[in-house]
Each structure stands twice: as structure tokens, then as C-alpha cells.
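A look at the structure
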Amino acid sequence: MRLRWVRGRDSIMTKAGEHAREWLGLDDAGNPIARVIHLDGPMETERGTFRAVALDRDAKLIRLLPLPPADGDWLAVIGGRVVGRAAAPLAAVRRAEAAL
Amino acid sequence: MAGNPLDLIRNIGITAHIDAGKTTTTERILHYTGVSHKIGEVHDGNTTTDYMDQERERGITITSAAVTCEWKDHRINIIDTPGHIDFNIEVNRSLRVLDGAIFIIEGVAGVQPQSETNWRLADRYNVPRIIFINKLDRTGADFYRAFATLKEKLDIIALPLQLPIGIEDSFIGVVDLVEMKAIIWEGGDLGAKFHDEPIPEAMMEQAKEHRQILLDTALSVDDAGMEEYFEKGDVSVETLKRAIKTGTITGAFRPVLCGTAFKNKGVQPLLDAVLDYLPSPVDVPGIKVAVEEGEEEGDHQRRIKADVNAPFSGLAFKIINDKYGTLTFVRVYSGTLKSGDSVMNTTKDHKERIGRMFQMHADKRAEIKEVHAGDIAAFVGLKDTSTGDTLASPEDPVVLERMAFPVPVIDISVEPKTKEAVEKMTLALQKLAGEDPSLRLKTDQETGQTILSGMGELHLEIIIDRLRREYGVDANIGAPQVAYRETISRAHTETYTHKKQSGGSGQYAEVKIVFEPLERNSGVLFENKVVGGAVPKEYIPAVEKGIKVQADTGVLAGFPTVDFKYTLVDGKYHDVDSSALAFEIAAKACFREGMKKASPIILEPIMDVEVTTPQDHVGDVVGDLNRRRGMIQNQESSGSTIIVRAQVPLKEMFGYISNLRSQTKGRASFTMQFHHYDPVPRNIADEIMAKSA
Ligand SMILES: Nc1nc2c(ncn2[C@@H]2O[C@H](COP(=O)(O)OP(=O)(O)OP(=O)(O)O)[C@@H](O)[C@H]2O)c(=O)[nH]1
Ligand SMILES: [Mg+2]
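Below, the structure is looked at part by part.

Conventions and cut-offs
Residues numbered from 1 in each chain as written. Chains lettered and ligands numbered in written order. Predicted model: local features only at pLDDT ≥ 70, side-chain atom pairs only at ≥ 80, totals over all residues. Heavy atoms only, no water. Helix = DSSP H or I, 4+ residues; strand = E, 2+ residues; numbered from the N terminus. Buried < 20%, exposed > 50% of the residue type's maximum accessible area, 1.4 Å probe, protein only. Contact = heavy atoms within 4.5 Å. Areas by Shrake-Rupley, 256 points an atom, 1.4 Å probe, with all protein chains shown as cover. Donors = N, O, S within 2.8 Å, 3.2 Å for Na, K, Ca; no water. Axes fitted to C-alpha atoms, helices over the stretch in contact; angles between N-to-C directions. Parallel < 35°, antiparallel > 145°, perpendicular 65-115°, else oblique. Left-handed = near helix turned anticlockwise from the far one by under 90°. Near = heavy atom within 4 Å. Polar contact = N/O pair within 3.5 Å; in protein donor to acceptor, adjacent residues only side chain to side chain. Nonpolar A, V, L, I, M, F, W, Y, C, P; charged D, E, K, R; others polar. Buried area = accessible area lost by both parts, 1.4 Å probe. Salt bridge = Lys/Arg side-chain N within 4 Å of Asp/Glu carboxyl O. Pairing = 2+ DSSP bridges. Core = buried A, V, L, I, M, F, W, Y, C linked by side-chain atoms within 4.5 Å. Phe/Tyr/Trp six-rings, centres within 6.5 Å; stacked < 30°, edge-to-face > 60°. Lys NZ or Arg CZ within 6 Å of the ring centre and 35° of its normal.

Counting its secondary structure elements, chain A contains 1 helix and 8 strands. Helices and strands appear in chain A in the N-to-C order β-β-β-β-β-β-β-β-α. Residue burial in chain A is summarised as follows: out of 100 residues, 45% are buried. Summarising the internal contacts of chain A: among those between residues at least 6 apart in sequence, 28% fall at separations of at least 24. Accessible surface, chain A: about 5,400 Å² in total, of which carbon and sulfur atoms supply 50%.

What follows concerns the coordination of the magnesium ion (ligand 2). All names here are of chain B. For the magnesium ion (ligand 2), every protein donor is listed as Thr 23 (OG1) and Thr 61 (OG1), and the spread of their distances is 1.9 to 2.0 Å. Remark: Thr 61 occurs in the loop between helix H2 (53–58) and strand E2 (65–71) and Thr 23 occurs in helix H1 (residues 22–32); sequence separation between them is 38 residues. A single burial state applies to Thr 23 and to Thr 61, both of which are buried.

In this section: the packing of helix H3 (residues 88–97) of chain B against helix H4 (residues 113–124) of chain B. Residue and element names in this part refer to chain B. In the contact formed by H3 and H4, the axes pass within 10 Å of each other and the chain directions differ by 30°. Taken as axis vectors, H3 and H4 run roughly parallel relative to one another. The interaxial crossing formed by H3 with H4 has right-handed handedness. Touching Asn 88, Val 91, Asn 92 and Leu 95 of H3 are Gln 114, Asn 118, Leu 121 and Ala 122, all from H4.

Residue and element names in this part refer to chain B. Residue placement: Thr 612 occurs in strand E34 (residues 600–614). Each C-alpha atom, one on Thr 612 and one on Phe 253, is 30 Å from the other, the two residues being 359 residues apart in sequence. Residues within four places of Thr 612 in sequence aside, it is in contact with Thr 641, Ile 642, Ile 643, Arg 667, Ala 668 and Ser 669.

The general pattern is negative phi for most residues beyond glycine and trans for most peptide bonds. All names here are of chain B. Although it is not a glycine, Asp 19 adopts a positive phi angle of roughly 70°. Look at Asp 73: it is not a glycine, yet its phi comes out positive at around 70°. Structurally, Asp 73 is set in the loop between E2 and strand E3 (74–80). Overall, Asp 73 belongs to the exposed group, its relative accessible area being 66%.

Residues and elements named next belong to chain B. Near ligand 1 you find 20 residues, and of these Lys 22, Thr 23, Thr 24, Thr 61 and Asp 137 are the closest. Residue Gly 21 places a main-chain N or O atom 2.9 Å away from an oxygen atom belonging to ligand 1. The protein chains hide 90% of the 650 Å² of surface that ligand 1 would expose on its own. Among the elements that line the shell around ligand 1, the one with the most residues is H1, at 3 residues. Looking at the shell around ligand 1 residue by residue, the classes come out as 7 nonpolar, 8 polar and 5 charged.

Taken together, the contacts link 12 residues of chain B with 10 residues of chain A. Summed over both partners, the interface of chain B with chain A comes to about 1,000 Å²; 63% of that surface belongs to carbon and sulfur atoms. Together, Asp 216, Asp 223 and Phe 230 of chain B form the three largest contributors to the area buried by chain B at its contact with chain A, with a combined 51%. As a salt-bridge pair, Asp 216 of chain B and Arg 94 of chain A come within 2.6 Å of each other at their nearest N and O atoms. Linking chain B with chain A are 4 residue pairs in polar contact (both at pLDDT 80 or more), by the criterion used here. Broken down by class, the residue content of the side of chain B that touches chain A amounts to 6 nonpolar, 3 polar and 3 charged.

What follows is about the sheet that holds strand E7 (residues 162–165) of chain B. All names here are of chain B. If you walk across this open sheet you meet the 4 strands as E7-E8-E9-E10, and the pairing is antiparallel. Sheet topology places E7 and strand E10 (194–197) at the edges, where each strand pairs with a single neighbour. Direction aside, the axes of adjacent strands within the sheet are offset by 25° on average. Where strand E8 (residues 173–176) lies against strand E9 (residues 181–185), 4 bridges are found, and the strand directions are antiparallel. The partner of Gly 173 across the bridge, within E9, is Ile 184. Sitting on the sheet, helix H9 (residues 267–277) is in contact with E7, E9 and E10, with an inclination near 130° to E9.

The nonpolar side chains of a soluble globular protein tend to be buried with one another. Residues and elements named next belong to chain B. Core analysis: the largest hydrophobic core is formed by 83 residues, its most contacted members being Ile 76, Ile 102, Ile 133, Leu 150, Leu 214 and Ile 244. Looking at which element gives the most residues to this core, the answer is H9, with 7 residues. Beyond its immediate sequence surroundings of up to four residues, Ile 102 is in contact with Ile 12, Gly 13, Ile 14, Thr 15, Ile 130, Phe 132, Leu 270 and Val 274. The next biggest cluster of nonpolar side chains, apart from the first, holds 48 residues, and it includes Met 425, Ala 646, Met 653 and Val 680.

Residues and elements named next belong to chain B. An order of E2-E3-E1-E4-E5-E11-E6 is seen for the 7 strands of this open sheet, with the pairing classed as mixed. Because the sheet does not close on itself, it has two edges, and the strands there are E2 and strand E6 (158–160). Strand-to-strand, the axes of this sheet are offset by a mean angle of 30°, without reference to chain direction. Judged from the 3 bridges that link them, E6 and strand E11 (residues 254–258) form a sheet pairing that is parallel. For Ala 158, the partnering residue across the bridge sits in E11 and is Arg 254. Helix H5 (residues 143–154) contacts strand E4 (100–106), strand E5 (129–134), E6 and E11 of the sheet and is inclined by roughly 155° relative to E6.

Looking now at the pairing of E7 of chain B. Residues and elements named next belong to chain B. By the alternation rule, side chains of E7 split into Gln 162 and Pro 164 and Leu 163 and Ile 165, which are all buried. Here E7 runs beside E8; their pairing, made up of 4 bridges, is antiparallel. Bridging across to E8, Ile 165 finds its partner in Gly 173.

So, about the pattern of salt bridges. All names here are of chain B. One pass over the structure, following the stated rule, counts 54 salt bridges over all chains. Notably, a salt bridge pairs Arg 469 with Glu 57, separated by 2.8 Å at the nearest N-O pair. With Arg 469 in helix H11 (residues 457–471) and Glu 57 in helix H2, the pair connects residues that are 412 residues apart, well separated along the chain. Its salt-bridge partner being Glu 461, residue Arg 58 comes within 3.1 Å of it at the nearest N-O pair. Of this pair, Arg 58 sits in helix H2 while Glu 461 sits in helix H11, and the two are 403 residues apart along the sequence. The partly exposed category is assigned to Arg 58, whose relative accessible area is 34%. Classification of Glu 461 by relative accessible area gives partly exposed; the value is 42%.

Residue and element names in this part refer to chain B. All told, the structure shown has 16 aromatic pairs over all chains when counted by the stated rule. Every member of this aromatic cluster is reached through a ring pair, and the members are Phe 515, Phe 526, Phe 564, Tyr 566 and Phe 591. Arg 129 extends its terminal NZ or CZ atom over the ring of Trp 119, reaching a point 4.2 Å from the ring centre.

In C-alpha cells:
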């Protein structure tokens, strides 16, 4: 299903104070039903440097990896569930649309 | 040259592994931009940028050469650099002052050892790059395999903007993924004629696939472009180029083009890409001002923006001496300067008057009357300015970030064939060393011999050849020696009293100095912790000088002492008998005594060695490297050849090439470059000390 995509939040505060970029996928009625999201930059913690790669509905971190995952760190999210990952936002958009 | 708005200027370098085709590409660029009517060839010894005799005879680039050309209303200043590791200083200093670079790799071999080194160097100076995969006409060329080595070896996001049409003999042109068209060269006219065509049917699927990757990657750095894409299902060429430029400058990804310089295909789109994607002087964040001593480096450092109306600042990055005198190449970062003006050399803190100014075209020059921010020009008449020094207006006397110079690892002794030529030789060598920061000159304190330190055997061979041809000095040289270093391995505090107070004017000075080891590559640090004037302020520089001079001759075998800190903690003086000289003598003696008790050690250069050998000789090669105290790092096979990587002490690598050739019947080759200094094993230390005794 093709959606209409618009810019979402460009700054999301998470527990780690991370900065994120987001695109929202709107249905015909203009309701957001999907989004793709990316946490910018690796985050520094006491235990080392990690990439944040998965989020729950509120964009809280749910997983940290030492290296960016091979399948990319842009997440396609539908209804709070991660349905796919990609290295670039456009590719993540295609994942989200394919999953609908 | 006045009047070129800054955004219509590109200052770029061409860098690559040896023989990748930098000079050949530069030669095409000069032809297509109308600077030269004929195309010179490296093997004919008639290219513009390889103008030295040694370059023309050997078919390699030795010194970087700057040329200027016009393309589509832009001025492009290009520096062609050498690929051989011995001349790496040329790449280093060029990348330091350039805003962007064309990075060439070969279509057959892909990323090679020197490509990696130069890539890291460009990383260090944050130079935006576009990649050109050259030599697609050669037998065995494979765009996709060469492309894959970019990710494997350099760990980058490489982004093809083109795909080759045909390969080897049948390579005729490229698919342009930005504009989705084919560009076909017609042959004849030295490649000046080409035309656009629709993308060949057979390549359409593949082109679409790669264009999607291009859009995905490029638009990820351009949100407005993303919106345009969501609205229209595609973006305009203009938007896509803007996104590619943004990503190229930030380094988010690296655009890749391809062709064959030698067969004259692909060079014009490469020039277009230079204009479209590499930054002009105003597109980069500006050069950093050096940090004050003790200050941390980082984002807070002040940057000088390219602005013709700001006070003048520039960096001297290259010096050459020819029959007309000394030429100092300067990259201008801000302001305007006219011939006859005076500026400060803020690194050395003295005034310099600019005589004449030239725009350089390889070894030819055109006089100009003024220079502006963004320009690269050569000045005549500077008295004491070396490579890496900043020239700046007294209004804003900034010191720009210095350059890092490579460490010379090989020594040879030189002696003129006739006694009369001693002075002439010394003078000539001083000039050559003034041009080349990777060449050092010293006199052996015991034998009085002149010792040259350089990057490798080829480097020193070229210097000796230039000595003969340019300065008319025939010299005998000794066998190459390893440039060892000395350091200490534990802290020690030494007090030394220098006293001569019998009759006449006396001498008296006492110093108490703490010597401590530092990490490798820290150099020599000094701290003054004297309180209450135990050593009067005016004598402190004398103490520093004493240590500096003495540190050149280490206590074990006379090699320079490095990587230690000395702290002057206390001392005594005498109202009448103390003097700067007395303190210098005391400091020297304190160093000699103190260092001996601080567990001194000898360090040797360890080289990264890469041997490429046919499968059937791997056993011999590895065994031999082991015998040379080598540590094998890894082995990798590509087809029937194996690449063996090892770290081997330089001492064990002299004469390696002939040994390798005979062992493998000439089928293996190797490259090596300096990696780090390590302590030498006991038995070898004894050997070195016995020799120096
Ligand atoms: N077949 C083929 N040969 C090429 C191509 N480009 C360069 N060559 C040849 O490769 C050799 C080296 O080319 P150069 O242009 O000197 O290479 P370089 O990168 O400047 O080399 P250094 O400056 O010594 O590091 C020469 O013999 C060139 O003719 C190409 O596209 N195809
Ligand atoms: Mg060359």
C-alpha cells in the first residue's frame, strides 16, 4: 500500500538524550499509520559506544548494538512494531509499505 | 586571476597508489580544458606535470605539480601527486591545502596498499573525495570487483554515479545514473568527441536498480529532496546533484565514476563531477587555527572562513629552489595580498616582504599582482619561511594548524668526491632539505660525516641524483642504515653541578631534572617547575637548549632521543659565576648522566610489508619473512595470487627485493611503509652499540 510521507519530528528526546530523524506515512484520511525513524550518531555510554537500532512506540531505546547492523539502522515501524530495517530512509519507507 | 568569485574556484588534488594513472588523467584534463594542444604520455616522458628529468626518465611522479585550467566558467587548480610511498610528503602537504580530491583506483587491482594510506591521509585532513575507477580498458579490468574493494579495504559507503558500458577492449562509455542516459565516446580526436544516447536496452534493469540505490543514499542527507521524491516519485537532476554534493562534502558517502584515462574515455564527466560535487573554498568549514599549548583540539577551535575582505592568512606548503631563487607556494585562506606587501610569519614571529607573485603551471610561471582567498600561488622573496609556516596580516596574526610530517627511517652517509666540494655539498643539501620536510640532514658528532635521513632507498637515490645534476656535486654514499631512535623506560631524577671556580672568571650552575618516559610518538616535552628563582628565568632557555642539543646524540649509540619528558625541578646559581653557557653545560651533562640511569633503550622502525606472490611460493615467502623477525598479520588470496601482510623490522628488509625475486623467479612483488617504532631485542641492541662504540 502506498502512503503519503511527511516529515515527522526532527528531534526526539529519548532516555539517552538522542537526536532522531523521522518520516510519517499517512493514509488517505491523513492519519499516521507508519513511520520510519533513525537515531543519529552512535551513543556514548559508560560501557562503550553503541548504535541504537530498535525502538518501541515512544521511541525509547530497546536495543543497542556495538556496530551498525548490516541491514541498516533506519527502522520501519508500524503500530509500534519494527517491521523492517534499511540503510536509507527511502528503502525503509518501501519496507513499511510492503508490510502493510 | 583576480575576480574569480570564490564559488567558481576548485582546489583539488589527484591522489592514488603508484601507477594508477594520476598523471595520465591530469594530462587529459589539461588537453580537454584547452590548456595543452597535445596529450603527453608518461612513457614518452613528455607530460606537463612530470617535468623533472628524473620523473621523465623513470616514468613516475616524484614531486607534486600544480596546474590551472578552466572548465565551464570555473577555475580548477589541480595538484598531481606521486604515488610512491617514498614521496608521501608530497601527498601529505597537498591534501593539507586542498578543498577536495579525485581519488583514483585501478580497474584491475582495485584498492592497493598506497590507496589505503592516502585515503587515511585524506581522512585526517577531512578532504572531500570523488573516486575514479581507471584503466577499464585493460585486460582483466572489472568495475564491480574494483568497486567492491572500496568497501572491503576502506570501509566506506561508495556510491556509483556511473556504470561502464562494455569492458576491456569493448569499453565504449558509461551510463550516467544521475541523468539516466548513456555517454559514448566516438574514438579519434583524442577522446574530445562524445555524445549522449539512450541507455542500452540490455542495461536498463541494472541501471534502474543502481539509480534507486543512488536516490536512497543521496536523499538520506537531504530532507527537502526526500519531500520532493514523495511528492513526485522522483527528483530533479538539480536536487539530486545538490544531495550528492552535500553527502560528498560531509563524507556520508563517496561518489564513484569510471573510465580509462589512457584511452581517453570518462574524463570530461569527471571534470563535471569536480564542479558539481567537490566544494569551492566557501563550501568548506574553513581551516582551523592551531590550538594554544596545553589546549585540547576539537570543535571549539576557531576556523578561518574564505573571505577576500578579511585580514590575510595563508599557509606555506611547498618550497622549491631553482635558478631564479626560492619559490614559496602558499595556499591563501583569507584576505587579499599584493606584491610588495608585508606580512607576518606568525609561526616564527617575524616580518616577511612579498617580492613577486606567480601563478604556477607545473614548471612554468605567470606573474600576477595580487592573490585572494582561495588561491594557490608562489611567492618570491621570502627570507625565512619553511613548509608548514603561516603567513598572516598583523591585524589578525593567526597561526594555522601545522602539518604532520612523515618520519624518515633510513640514513645514509654522503661524502663529496673531492674535498673542495664539501661546502658546496652542504649548502646544496641544506637547500634540498629546505624543500623536503621528509629529508633530514645532520653531522655525525664523532666521524664528522654528513648523514641524510629519508623515507626510503628511492627517495635518497633521487636526492643524490639531484645533488649531481642540479648542484654539480658528485658524492659517494655509504650503505643505507636504519634510523634508530633512543628513549628511556623508567623515570629518574638527576642533579648535576657544573663548577669551575679556580682563578679568573668562574662557571657555576646546578640543575635538578626529572626524566620520564612518554608514549611512542610524543616527541620531547619540557616543563619548568622551578620555584623561588632557584634557577633564574633568563637561564631556563639555556637549559632547554642544552637538552635539545644533547638529545640528538643518545647515550647508548648516538641516535636521537625521543618520547621523553624532562622537568626542571630545582637548581642553584651563583651571583657572579653563573651564565647561560654554564647552565647549558650543566644541562647537557645532566642529560648524559641521567639518561644512563633511566634504563635507556634503542628503538627500531617496524614496517608494514605486503608481498604479492603466486600461490606456489607462499611457503617460501612466509618462511623468509619469519627469518627476518617478521610477524605475519594475515594472508589473503585473490585468484591464484596470495597477499601476505606482515610487520618486519626495517633492518631486516634491506636487499629484500633481490632476495624475493630470486626466490620466486621474479613473480612476486612487495611494498612497504613505516608503521611504528619498537624496542630492539637485546642481542641487536648490543650489536648496534658495539658498532657505534
Ligand atoms: N591501459 C591503461 N593504462 C593506463 C591508464 N591510465 C594510465 N595508464 C598507464 O599506466 C602507467 C602509469 O600511469 P601514470 O599516469 O604515470 O600513473 P601515476 O598514478 O601518475 O603514477 P605515479 O605518479 O608514479 O604514482 C602509464 O604507463 C600509463 O600509460 C588507463 O586508463 N589504461
Ligand atoms: Mg604520476
